[in-house]
Amino acid sequence: MRFYITTAIDYPNSRPHIGTAFEKIGADVQARFRRMEGLDVHFLMGNDENTIKVSQRAEELGVEPKPYVDDMARQFQEVWKALEVSNDDFIQTSEQRHYIGCQKFIQAVYDAGDIEKKAYQSLYCDGCEEFKTAKELVDGRCPNHPNRALREVEEENYFFRLSSFADRLLAHYDANPDFIQPESRRNEIVSLVKSGLQDVSISRKGFTWGIPVPFDPDQTIYVWFDALLNYVTAIGYGTDQERFESIWPADIHVIGKDITRFHCALWPAMLMSAGLPLPKRVFGHGFVYRKDESTGEIAKMSKSLGNAVEPMDLIRSFSAEAFRYYFMSQCPFGGDGEFSFERFADAYNSGLANNLGNLYSRTLSMAVRYFDGDLAGASAIDATAWRAGLDLSALVDELRSLMNTFQYNVAIQRIWAEVLDAANRYIQVTEPFKLVKTDVEATRAVLVNLAEAIRVISILIKPFLPSTAETFYSAFSFAEGAAWETVSYSDILKRPDIADLKVTAPLISGKPAPLFPKIETKAG
RNA sequence: GGCGGCGUAGCUCAGCUGGUUAGAGCGGCGGUCUCAUAAUCCGCAGGUCUCCGGUUCGAGUCCGGACGCCGCUACCA
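Residues numbered from 1 in each chain as written. Chains lettered and ligands numbered in written order. Predicted model: local features only at pLDDT ≥ 70, side-chain atom pairs only at ≥ 80, totals over all residues. Heavy atoms only, no water.

J.: How do you make sense of the overall build of chain A when you look at a structure like this?
T.: When you go through chain A residue by residue, the secondary structure sums to 18 helices and 16 strands. Each principal axis of the C-alpha atoms in chain A carries an extent, and together these give about 90 × 55 × 40 Å. Counting only residues that meet the buried cut, chain A has 54% of its 524 residues in that class. Look at the contacts in chain A between residues 6 or more apart in sequence, and 77% of them connect residues 24 or more apart. Surface summary for chain A: the accessible area is close to 22600 Å², and the carbon and sulfur share equals 48%. Separation between the mean location of the 56 positive side-chain charges and that of the 72 negative ones in chain A comes to 3 Å. (Helix = DSSP H or I, 4+ residues; strand = E, 2+ residues; numbered from the N terminus. Buried < 20%, exposed > 50% of the residue type's maximum accessible area, 1.4 Å probe, protein only. Contact = heavy atoms within 4.5 Å. Areas by Shrake-Rupley, 256 points an atom, 1.4 Å probe, with all protein chains shown as cover. Lys, Arg positive; Asp, Glu negative; His and termini not counted. Charge placed at Lys NZ, Arg CZ, Asp CG, Glu CD.)

J.: What am I meant to see in the state of the cysteines here?
T.: One way to say it: the disulfide is the covalent bond shared by the sulfur atoms of two cysteines. For the structure shown, the criterion picks out 0 disulfides. Unpaired in this structure, cysteine 102 has its nearest cysteine sulfur neighbour in cysteine 264, at a distance of 20 Å. (Disulfide = S-S within 2.5 Å.)

J.: Please explain unusual backbone geometry as it appears in this structure.
T.: Negative phi is the rule for most residues except glycine; trans is the rule for most peptide bonds. Along the chain, glutamine 181 connects to proline 182 via a cis peptide bond; the corresponding omega equals -10 degrees. Mapped onto the elements, proline 182 comes out in the loop between strand E7 (180–181) and helix H6 (183–194). Between tryptophan 248 and the following residue, proline 249, the backbone shows a cis peptide bond with an omega angle of 5 degrees. Along the chain, the position of proline 249 falls in the loop between helix H9 (241–247) and strand E12 (252–256). Positioned with a positive phi, glutamate 84 is a non-glycine residue whose angle comes to about 65 degrees. Counting through the fold element by element, glutamate 84 comes out in the loop between helix H3 (65–82) and strand E3 (89–92).

J.: For this particular structure, what's the right way to read helix H1 (residues 18–36)?
T.: Each turn of an α-helix holds 3.6 residues, which means side chains three or four residues apart point in the same direction. The end-to-end C-alpha distance of H1, which contains 19 residues, comes to 26 Å, matching closely the 27 Å that a straight helix rising 1.5 Å per residue would cover. Where burial is concerned, most of H1 is hidden: 18 out of the 19 residues are buried. Following H1 by one or two positions, glycine 38 has its phi on the positive side, about 90 degrees. (Expected span 1.5 Å × (residues − 1).)

J.: For this particular structure, what's the right way to read the side chain of glutamate 338?
T.: Position of glutamate 338 among the secondary structure elements: in strand E16 (residues 337–339). Assessed through its relative accessible area of 18%, glutamate 338 is described here as buried.

J.: What should I look at first to understand the sheet that holds strand E11 (residues 216–221) in this one?
T.: Strand-to-strand pairing in sheets goes through backbone hydrogen bonds, with the strands running parallel or antiparallel. Read from one edge of the open sheet, 3 strands run E9-E11-E10, paired in antiparallel fashion. With one partner strand each, in any of the chains shown, strand E9 (203–205) and strand E10 (212–213) form the two edges of the open sheet. Sheet topology places E9 next to E11; 3 bridges connect them, and they run antiparallel. Bridged to lysine 205 within E11 is glutamine 219. (Pairing = 2+ DSSP bridges.)

J.: What's the story with the environment of serine 163 in this structure? I'm lost.
T.: With respect to the helices and strands, serine 163 occurs in the loop between strand E6 (151–160) and helix H5 (166–175). The class for serine 163 is partly exposed, based on a relative accessible area of 35%. As for serine 163 and glycine 196, which are separated by 33 residues in sequence, their C-alpha atoms are 7.1 Å apart. Apart from the residues lying within four places of it in its own chain, the contact partners of serine 163 are Leu197, Gln198 and Asp199.

J.: How should I be thinking about the packing of H1 against helix H12 (residues 320–330) in this particular structure?
T.: The relative placement of two packed helices is expressed as an angle between their axes plus a distance between the axes. Viewed as axis vectors pointing N to C, H1 and H12 meet at an angle of 90 degrees, and their least axial separation amounts to 10 Å. One element, H1, and the other, H12, form an angle in the roughly perpendicular class. Within the contact between the two elements, H1 uses Ile18, Ala21, Phe22, Ile25, Gly26, Asp28, Val29 and Arg32 and H12 uses Phe323, Arg324, Phe327 and Met328. Partitioning the contact of H1 with H12 into residue classes produces 8 nonpolar, 1 polar and 3 charged. (Axes fitted to C-alpha atoms, helices over the stretch in contact; angles between N-to-C directions. Parallel < 35°, antiparallel > 145°, perpendicular 65-115°, else oblique. Nonpolar A, V, L, I, M, F, W, Y, C, P; charged D, E, K, R; others polar.)

J.: Explain the pairing of E3 here, please?
T.: Within a regular beta strand, the side chains point alternately toward one face of the sheet and then the other, so they alternate between its two faces. Because side chains alternate across E3, one face comprises the buried residues Asp89 and Ile91, and the other comprises Phe90 and Gln92, equally buried. In the sheet, strand E2 (residues 40–47) pairs with E3 via 4 bridges, with the strands oriented parallel. Residue pairing in the sheet places methionine 45 in a bridge with phenylalanine 90 of E3.

J.: Where do I start with helix H13 (residues 341–371) in this structure?
T.: At asparagine 358, H13 is bent by approximately 40 degrees, the largest bend along its length. Positive phi appears at aspartate 372, one or two residues downstream of H13, with a value of about 55 degrees. (Bend = angle between axes of the 7 residues up to and from the residue.)

J.: What is the right way to read the sheet that holds strand E1 (residues 2–7) from this model?
T.: Here 6 strands make up an open sheet; going across it, the order is E3-E2-E1-E12-E13-E7 and the pairing parallel. Both edges of this open sheet fall to E3 and E7, since each of them pairs with a single strand only. Bridge count for E1 against E12 is 3 bridges, and the pairing is parallel. Across the sheet, the residue bridging to threonine 7 is valine 254, located in E12. With respect to the sheet, helix H10 (residues 260–274) is in contact with E7, E12 and strand E13 (282–285), its orientation differing from that of E12 by roughly 140 degrees.

J.: I tried to follow the side chain of aspartate 491 on my own but got confused; where do I start?
T.: Within the secondary structure layout, aspartate 491 lies in the segment after helix H18 (466–473). The residues touching aspartate 491, leaving out its near neighbours within four places in the chain, are Arg455, Ile459 and Thr486.

J.: Would you mind showing me how to read the packing of aromatic side chains here?
T.: Working definition: an aromatic ring pair is given by the centre-to-centre distance plus the angle between the planes. Summed over all chains, the structure comprises 40 aromatic pairs. With 6.2 Å between their ring centres and 55 degrees between their planes, phenylalanine 22 and phenylalanine 327 make a pair best called tilted. Highlighted residues: phenylalanine 22 in helix H1 and phenylalanine 327 in helix H12, separated in sequence by 305 residues. Accessibility assignment for this pair places phenylalanine 22 and phenylalanine 327 in one class, buried. The ring of phenylalanine 159 carries the charged tip of lysine 118 above its face, separated from the ring centre by 4.8 Å. Positioned above the aromatic ring of tyrosine 222, the side-chain terminus of arginine 204 is 3.7 Å from the ring centre. (Phe/Tyr/Trp six-rings, centres within 6.5 Å; stacked < 30°, edge-to-face > 60°. Lys NZ or Arg CZ within 6 Å of the ring centre and 35° of its normal.)

J.: In this structure, what is going on with the nonpolar core? I would like to understand it.
T.: One broad rule of soluble globular proteins: the nonpolar side chains tend to lie buried together. Ranked by internal contacts, the top residues of the largest apolar core, which has 112 residues, are Phe327, Met328, Leu356, Trp416, Phe464 and Phe476. No other element matches the 14 residues that H13 contributes to this core. Dropping the residues within four chain positions of it, phenylalanine 476 is found in contact with Thr363, Leu364, Ala367, Leu375, Ala451, Ile454, Leu501, Lys502, Val503 and Thr504. Judged by nonpolar contacts, the second largest core, of 54 residues, contains Ala8, Ile106, Met270 and Val282. (Core = buried A, V, L, I, M, F, W, Y, C linked by side-chain atoms within 4.5 Å.)

What follows is the structure in structure tokens.
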């Protein structure tokens, strides 16, 4: 079964910051989870390049727009790759497939009678040489040129008759309660649509960078109408109809809460007009704010405030896994979260170094030290003692439900509280380090149990920490039972029958290297 | 202004349709073990649940009001 998941496409006029990374990781966790559930996942990301600002930025740098956006796309993908984001495709809206698909789509909407030509009035600043939106103005004036009067300019543009879709949209929200998530976003959209929709202008005159309107080549398709279409053009709309039909509709659009209305009102209306099915769900995630360690102030990240954090800085200083762990465990995906280096270090040290990493270290050290890494005869040993009192089956069900609803932070909390703690407690209670002096076979059983705990944990954390998960799985010879790529939640309760279980982790003088070296928090 | 949300232990937050001594994680404090990355494990933390008033046998949990904070209020990816 297909599962088509997308993220918002990004403006490539600056490098990605950790807020945009938050969205991609959240979508990636979902994509990885769905793959584990056996779905045929198609995961799309991309960049939004057909905007006036992008061409202006290229001009500032003295380069042509296309090489500029291509280079930015390369840079974005480098970051996503470093964060282990597993997208299957990356669309640039300056590509041919998007050009062709957009023209076909706007023509279809035009033919359906939902596009008309009207006068569009807007304020133009001669200083900036660009149009200003009401929101950009300060006291009715351009913030950059407060002494110059804004000119009211009028031009003929094409408008999409969004206003005529209000009833159909409301009916859709009503029939599909899950269409907009989380719930709070849904309520906002419903009230917005109920308050009445206005037609939106979807073209601009006099620009060469962008996609021409097929029935009037003097005009180019304007931002939203163009950008939203990436979800269909990327999978073949207008260029490969068969492929398109095999993937569309999207199962989920993962987007920022600021752009829910475009995805929940404008986009479905566009699809209705073009006669295409609607996406099944739209998830509007929260934002990550920057908390200043010294002042405690919480602010939105931005370059002008000088508080933006680049993903690559954190990846280089720590690891992609640490990055993913922080955001997925500390920030509820549907709500807002905050970032500070102090909190990052706390979460890393307690969750990754002291808990997850340390469990790995102590288990492998004992297996190597006491048994030379060889736990032969493991399959004859009961390996459920480590989780006595834990209903693992029920936990897996609960986790599935949490993953389906993007409650990643709760899922991680549950895995740590139930499974990691159980394993650490098991060591504490059985004391293999003492037991080995009196009963070697009983100690072997304890270590077989711990190996099994390592295996279970590897599967549970697979969507979140793909690389650490694989390290856990390959710490012992589990791959003889099932290849890592195929392992999923359904394998959690199916212990593979491996008689000659042994340590296969890389060791340095008989010990594993720390997976997550502790971060020193206080200097001196 | 309109609509919606929030204000619970030092920090981050749980607390469903009202009901025994208000919970968790982190930090902190005390203890324990020594396999491990001075990690683990055990125990402690007594917070007017923003304030005022009301409904009720009984309210963080419902109603009204006050104060504070936040989101949405359309063409900004």
